[in-house]
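The primary structure of each chain is shown beneath.
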Amino acid sequence: MAAASTADFGVEAVSGVLADGHNAPSLVVTHGQERVLINVPEGCQRMCGENKVRMAKMDHILLTRMHADCALGLGGMLLTLSGVASMRLENTAAVDTTFDMNMYGPPGLGRFVHAHHHVYKRKQSRITVHEVENPSRPLELPSGLSILPVALHREESRSKSESDVDAEDETRDAKRRKTNDKDDDDDTYATPYNFGQFRVCSTASKPLDNKVVDAQREFEQVCCCYVMSAPAKRGKFLPAIALKLGVPKGPDFGRLTRGEAVKTPEGKLVHPHECMVEAEPAQHLLIITCPDPAFIPALEQSQELKSFYEAPGVRFVIHLVSDVVLRDDAYLAWMQRFTGPALEHVLFSETLSVSAADRPIFLSSARIQAELNAKVSSTCFAEDLSAASNVVVADLAPVFEKDEATSGGLASRTKAGSARCLCIVHPESRRGYHAASSLLPLGSQASLVTPSSSNPQAARPESEQDWSLTFLGTGSAIPSKYRNVSSILLRTHSGSMLLDAGEGTCAQLARLLGQEGARDLVQTDLKCVYISHMHADHHLGLLNVLAWRARANSSALVIVGPKALGDFLEKSTGAFPGSSPQYRFIALDRTQGSSLPGHLVEVGDVLPGAPRLSSVLVQHCYDAYGVVITLACGKKIVYSGDTEPCERLAGAGTGAHLLIHEATFEDEKVDQARAKRHSTLSEAVSIGKKMGVDYTILTHFSQRYPKVPPQIFESTSPAPSTKSSDEVVKVPMVAVASDLMTLRPATLDHACGLGPKVEEILETFDKTLA
Ligand SMILES: [Zn+2]
């Protein structure tokens, strides 16, 4: 334990606030070998990859809020951390280490995590969720780091709505009366599968069912701050010096080490500091969250936080707040109560922390897209617009300068945080960084004006004959540097639909259409989402789609998918406070889908003018479906979902115009393809031939191939015509999908001929970067 206090202790921002002001920052606190993740916004994993933050050994996850912006990357993160993703990718048997995860967060977290059990289920998994609502005990980690969660309750009188105040006061009082801060009430959700342990510990007094109702109220009632403390280093007693000062061996040595002064037999007073190496105080890092001013009174009254106001060991107070809060005098006054000598405030707010705003979020993928757009085809490849869609960066310096005159130096000890900033608590400098060198002084950010732009190739089709397909994610399992996970946008003149929606689908739309364009599409143009099966890489992004729509009070979204999806949506969306998103769920029917030609889903009954969907059971996991989409113009598009070569799909898609087929593995890996029930490149191509389609588009490539599977362009280049005088064998043209690639009727032939050019760009890409 003695080594713990000298362990490296610091915090790094994996992501700042994303450009649209949504998505909370995500932080990793490191102490020795220990790594703690705070907030898991959508895209968090991909951000870790981009910013080279190691994800291994993250056994503790803390959420500051039960809010879509803080939590929607959790499902994908659990998939990766539990090792399930690598098992799927590498075809290995279960990794023999136990997956043991501790989570802390506001009420609703248990319900949300449990809704994801289909993602991380493993016999060895042990997940403990602590819902923090009342004072609770700190979590003590083996490295000596302790984490104290501090729950803040909304003060109703400061929120916008005055209704229900009485009723809420009553329940609050009831809660306080029953508060029991010694023993956590344990509760265990009934689990539908036998897959290890899932436990929810709650400091709340009410049964979980009531809390669910609580969580669905209009505003969030509870958010969580965290105090991370590394242990104090005790002073080292120097017996030789004590003897020299005249202190005899014996109980007086003990008194000195406990910090008491002693009297020598000669009557001389000896103080501990005279014969001790100086002690180091405990070091603290405070993560403060305050989403709106209604939580300021709770901050002011918090007894737990009060004890750190003057503590000498507080090095950083990190504020995850909103701009409104930073403009509130009460908040600035509260910040001034921290007077520790070395203390610095680091601010993250929706417009303050976009300081990295002049560059796209995923730099490598943005560069490769720019190359494809400029050098291969501007009609098929879209540019990444994430750099062009930044909000104006607020300059909050005046707020703090005004304050500087009246209050000792708050502005000079306050910095703006951003993605990749590093705050080192101990030791003062590390790995060539000085403690706070990556922090920016307030007001140093350039103001960026939002150019409203969008990629023309993905514009909404204007006639019934026209339609477009944009590939938003073309990789499998987990998002990677160049490929996000599955999602395809189908646009027709009567509206849009998504075929699968892996994590980060909304963000990919923002890269394609700009922030405003993406919001418009999701909130008004999107009519339907089709989910092929329940693997995480195909549906976790749907939650953010629903969250975006809830913000705009959009009409009910039609969602078509396997039965289990309905259950997942109900449980997970109900875990957040605020108005529940509106959607209408249509479950695919196994019994009907198993026979040819498939099960017709009458989306048209709900959405006049929508394409007709006919699902067909395919061979992948339980309840996996392909779909035949009949457009208003009569053309048919088939999407395989994930499947090994499937006769039923080939039958259902006979005569279709275009097939989108998964091609997870290269041809040599056919054994793996069978084991994982996926297809190889050649198998996908031959299904298209069997159907007699005009075009086959390959997607869903294994992440084992950083760019594309080897030989993909050889196996997809047009085969010599096999037309003979009597018999016409149609050979479909083949294209290889990449992220943000768009196909329209007029560009299909062009797209199928791009292989060699794309290959050239991909091959030289990393080299040209250096
Ligand atoms: Zn799958």
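Above this text sits the structure in question.
Residues numbered from 1 in each chain as written. Predicted model: local features only at pLDDT ≥ 70, side-chain atom pairs only at ≥ 80, totals over all residues. Heavy atoms only, no water.

Caption draft 1: Summary view of the overall build of the chain. Tallying secondary structure elements over the chain gives 28 helices and 37 strands in all. Here the chain holds 770 residues, and 60% of them are scored as buried. When contacts within the chain are restricted to residue pairs at least 6 apart in sequence, long-range pairs at least 24 apart make up 72% of them. When the accessible surface of the chain is totalled, it reaches about 30300 Å², and 52% of it is carbon and sulfur. (Helix = DSSP H or I, 4+ residues; strand = E, 2+ residues; numbered from the N terminus. Buried < 20%, exposed > 50% of the residue type's maximum accessible area, 1.4 Å probe, protein only. Contact = heavy atoms within 4.5 Å. Areas by Shrake-Rupley, 256 points an atom, 1.4 Å probe, with all protein chains shown as cover.)

Caption draft 2: Spatial organisation of the sheet that holds strand 29 (residues 583-587). Strand order in this open sheet of seven strands is 29-28-27-26-25-24-37, and the pairing throughout is mixed. The sheet is open, and its two borders are formed by strand 29 and strand 37 (741-743), each paired with just one other strand. Geometrically, the sheet is characterised by an average inter-axis angle of 20° between neighbouring strands, direction not taken into account. The pairing of strand 26 (residues 495-501) with strand 27 (residues 526-530) spans four bridges and is classified as parallel. If you follow S496 over to strand 27, its bridge partner there is L526. (Pairing = 2+ DSSP bridges. Axes fitted to C-alpha atoms, helices over the stretch in contact; angles between N-to-C directions.)

Caption draft 3: A look at the pattern of salt bridges. Applying the stated rule across the entire model yields 18 salt bridges. The residue D292 makes a salt bridge to R154 at a minimum N-O spacing of 2.8 Å. One end of the pair, D292, is in the loop between strand 16 (283-290) and helix 11 (296-301); the other, R154, is in the loop between strand 8 (146-153) and helix 7 (165-178), and 138 residues separate them in sequence. Residue D292 shares its accessibility class with R154, and that shared class is buried. Across the salt bridge formed by R255 and D252, the nearest N and O atoms sit 2.5 Å from each other. Highlighted residues: R255 and D252, both in helix 10 (residues 251-257), separated by three residues, approximately one helical turn. You can call R255 partly exposed: its relative accessible area is 33%. The exposure class of D252 is buried, given its relative accessible area of 14%. (Salt bridge = Lys/Arg side-chain N within 4 Å of Asp/Glu carboxyl O.)

Caption draft 4: Summary view of unusual backbone geometry. For D500, which is not glycine, the phi dihedral falls at a positive 65°. On the secondary structure map, D500 appears in strand 26. Positive phi, close to 55°, is recorded for R677, a residue that is not glycine. You can see R677 is positioned in the loop between helix 24 (670-676) and helix 25 (681-691). Of the residues examined, R677 reaches a relative accessible area of 35% and is grouped as partly exposed.

Caption draft 5: Representation of the coordination of the zinc ion within the structure. Only H533 (NE2), H535 (ND1), H620 (NE2) and D642 (OD) from the protein reach the zinc ion as donors, at distances of 2.2 to 2.3 Å. Considering all four donor atoms around the zinc ion, the spread of angles at the metal, 86 to 171°, places the coordination shape in the irregular class. Since its relative accessible area comes to 0%, H533 is described here as buried. With a relative accessible area of 2%, D642 lands in the buried category. (Donors = N, O, S within 2.8 Å, 3.2 Å for Na, K, Ca; no water. Tetrahedral: all angles 85-135°; square planar, octahedral: opposite > 155°, others 65-115°.)

Caption draft 6: Quick peek at helix 19 (residues 542-551). The element helix 19 is extensively covered by neighbouring structure, given that eight of its ten residues are classed as buried. L542, L543, N544, V545, L546, A547, W548 and R549 are the residues of helix 19 that are buried. Backbone geometry just after helix 19 places N553 at a positive phi near 55°.

Caption draft 7: Region of interest: the nonpolar core. Counting residues in hydrophobic clusters, the biggest one holds 68 residues, and the most contacted among them are I61, L74, M103, F112, V113, I127 and L542. Considering each element in turn, this core owes the most residues, eight residues, to helix 17 (residues 505-525). When residues of this core are sorted by domain, at least three fall in each of domain 1 (2-232 + 280-357 + 393-441) and domain 3 (468-769). By size, the runner-up hydrophobic cluster in this structure holds 54 residues, among which are Y482, I660, Y695 and L743. (Core = buried A, V, L, I, M, F, W, Y, C linked by side-chain atoms within 4.5 Å. Domains from an automatic or database assignment.)

Caption draft 8: Representation of the environment of R612 within the structure. Here R612 lies in strand 31 (residues 612-617). Along the backbone, R612 and I629 are 17 residues apart, and their C-alpha atoms lie at a distance of 5.7 Å.

Caption draft 9: Region of interest: the packing of helix 17 against helix 19. Between helix 17 and helix 19, the least distance of the axes is 10 Å, while the angle of their chain directions is 35°. Our pair here, helix 17 against helix 19, has a crossing hand that is right-handed. Residues C506, Q515, A518, R519, V522 and Q523 of helix 17 touch helix 19, and the partners they reach there are N544, V545, W548, R549 and R551. For the contact of helix 17 with helix 19, the per-class residue count stands at five nonpolar, three polar and three charged. (Left-handed = near helix turned anticlockwise from the far one by under 90°. Nonpolar A, V, L, I, M, F, W, Y, C, P; charged D, E, K, R; others polar.)

Caption draft 10: Structural detail: helix 25. Every buried residue of helix 25 is listed here: L681, E683, A684, V685, I687, G688 and M691. Positive phi appears at G692, one or two residues downstream of helix 25, with a value of about 75°.

Caption draft 11: Representation of the pairing of strand 3 (residues 34-38) in the model. Most of strand 3 is tucked away: five of the five residues are buried. In this structure, strand 2 (residues 26-31) lies alongside strand 3, joined through five bridges in antiparallel fashion. Looking across to strand 3, one finds that V28 is bridged to L37. Where strand 2 folds back onto strand 3 in an antiparallel hairpin, the turn is made up of two residues, including G32, whose phi is positive at roughly 55°. With four bridges connecting them, strand 3 and strand 4 (residues 58-62) associate as parallel partners.

Caption draft 12: Layout of the packing of helix 19 against helix 20 (residues 563-573). Look at helix 19 against helix 20: their axes get within 11 Å of each other, and the N-to-C directions meet at 55°. Considering their axes alone, helix 19 and helix 20 lie oblique with respect to each other. Where helix 19 crosses over helix 20, the handedness of that crossing is right-handed. Where helix 19 abuts helix 20, its residues L542, L543 and L546 lie against L565, F568, L569, S572 and T573. (Parallel < 35°, antiparallel > 145°, perpendicular 65-115°, else oblique.)

Caption draft 13: Geometry of the pairing of strand 33 (residues 636-639). Inspection of the sheet shows strand 32 (residues 625-630) paired to strand 33 by four bridges, in the antiparallel sense. Residue pairing for strand 33: T630 is matched across the bridge by K636. Linking two consecutive strands that pair antiparallel, namely strand 32 and strand 33, is a turn of five residues; a positive phi of about 95° is found at G634 within it. Sheet topology note: the strand 33/strand 34 (residues 658-662) ladder contains three bridges and is parallel. Among the inter-strand pairings, Y639 is bridged to a residue of strand 34, identified as I660.

Caption draft 14: Spatial organisation of the environment of G32. Within the fold, G32 resides in the loop between strand 2 and strand 3. For G32, a relative accessible area of 33% translates into the label partly exposed. When the C-alpha positions of G32 and A7 are compared, they lie 4.8 Å apart, and in sequence the two are 25 residues distant. Setting aside its immediate chain neighbours within four residues, G32 contacts A7 and D8.

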